[in-house]
Amino acid sequence: MKVPAGKTIVFTIVSHPTNDKSLRWSANVTFPGGSGPDAVLPVAVEDAAGNPINAAVLEFAGQDIAIRYGSGELRYADFIKGKHEKAIWLRRRGVNPVPGSLTFA
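Cut-off values and rules
- Residues numbered from 1 in each chain as written.
- Predicted model: local features only at pLDDT ≥ 70, side-chain atom pairs only at ≥ 80, totals over all residues.
- Heavy atoms only, no water.
- Helix = DSSP H or I, 4+ residues; strand = E, 2+ residues; numbered from the N terminus.
- Rg over C-alpha atoms; globule rule 2.2 N^0.38 Å.
- Buried < 20%, exposed > 50% of the residue type's maximum accessible area, 1.4 Å probe, protein only.
- Contact = heavy atoms within 4.5 Å.
- Areas by Shrake-Rupley, 256 points an atom, 1.4 Å probe, with all protein chains shown as cover.
- Lys, Arg positive; Asp, Glu negative; His and termini not counted.
- Charge placed at Lys NZ, Arg CZ, Asp CG, Glu CD.
- Salt bridge = Lys/Arg side-chain N within 4 Å of Asp/Glu carboxyl O.
- Core = buried A, V, L, I, M, F, W, Y, C linked by side-chain atoms within 4.5 Å.

Novice: How would you summarise the overall build of the protein if you had to cite specific residues and measurements?
Specialist: In terms of regular secondary structure, the protein is built from one helix and eight strands. Helices and strands appear in the protein in the N-to-C order β-β-β-β-β-β-α-β-β. For the protein, the C-alpha radius of gyration of 13 Å lies close to 13 Å, the compact-globule estimate for 105 residues. Principal axes of the C-alpha set define a box for the protein whose edges measure 40 × 25 × 25 Å. In the protein, which comprises 105 residues, the share counted as buried stands at 33%. When contacts within the protein are restricted to residue pairs at least 6 apart in sequence, those whose partners lie at least 24 apart make up 53%. Summed over its atoms, the accessible surface of the protein is roughly 6,400 Å², and 52% of this surface lies on carbon and sulfur atoms. Separation of charge centres in the protein, based on 12 positive and 9 negative side chains, amounts to 3 Å.

Novice: So, the pattern of salt bridges: which residues are in play, and what are the values?
Specialist: For the structure on display, the rule yields four salt bridges. Arg91 is paired through a salt bridge with Glu59; the nearest N and O atoms lie 3.0 Å apart. Taken together, the residues Arg91 in strand 7 (residues 89–92) and Glu59 in strand 4 (residues 55–60) connect sequence positions 32 residues apart. A relative accessible area of 28% means that Arg91 is categorised as partly exposed. Taking the shortest distance from any N to any O, the salt bridge between Asp78 and Lys81 comes out at 3.7 Å. Taken together, the positions of Asp78 and Lys81, both in helix 1 (residues 76–82) and three residues apart, correspond to about one turn of that helix. Residues joined in a network through salt bridges with shared partners are Glu59, Asp64 and Arg91.

Novice: Outline the nonpolar core, listing residues and values.
Specialist: Within soluble globular proteins, side chains that are nonpolar tend to cluster in buried spots. In terms of nonpolar packing, the biggest core is built from 23 residues, with Trp25, Val29, Val43, Val45, Leu58 and Phe60 touching the most fellow members. At the level of secondary structure, the elements contributing two or more residues to this core comprise strand 2 (25–31), strand 3 (40–47), strand 4, strand 5 (63–68) and helix 1. By residue number, the principal contributor to this core is strand 2, which donates four residues. In contact with Val29, not counting residues within four places along its chain, are Ile9, Val10, Phe11, Ile13, Leu41, Pro42, Val43, Phe60 and Leu74.

Novice: Account for the environment of Thr18, naming residues and giving values.
Specialist: With respect to the secondary-structure elements, Thr18 resides in the loop between strand 1 (9–15) and strand 2. When its relative accessible area of 16% is taken as the criterion, Thr18 is described as buried. Sequence separation between Thr18 and Ala66 is 48 residues; the distance between their C-alpha atoms is 23 Å. Here Thr18 is in contact with Leu23, Arg24 and Val98, once residues within four sequence places are set aside.

This is a description of form; function is not addressed.
See below:
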């Protein structure tokens with residue numbers, strides 16, 4: 001698997017609705033043009049107000065991605081290995097985990 005050169009692909013993940021809006025979140029996993037199994041993909045996570053989430057773990061593609069100051073990384077090879085894993089969660093200290101799903105805009 002390789003992203004076509006000159007074409008960037010972004011997967012957008014959003015949290016399932018919660019009564020407490022402060023628990024909502026969204027994440028973008030960016031696949032830069034030309035990237036393949038050796039690439040490291042940037043991951044950005046923010047709250048419902050658009051502010052970076054300071055500390056969390058995003059479970060995506062079978063990986064636990066450490067998020068610090070709204071950013072994390074996922075190896076493309078790890079994405080390929082876990083691409084059929086359905087679980088998507090954001091875990092923050094002191095807060096119940098909140099599930100999410102891929103969305104299409």
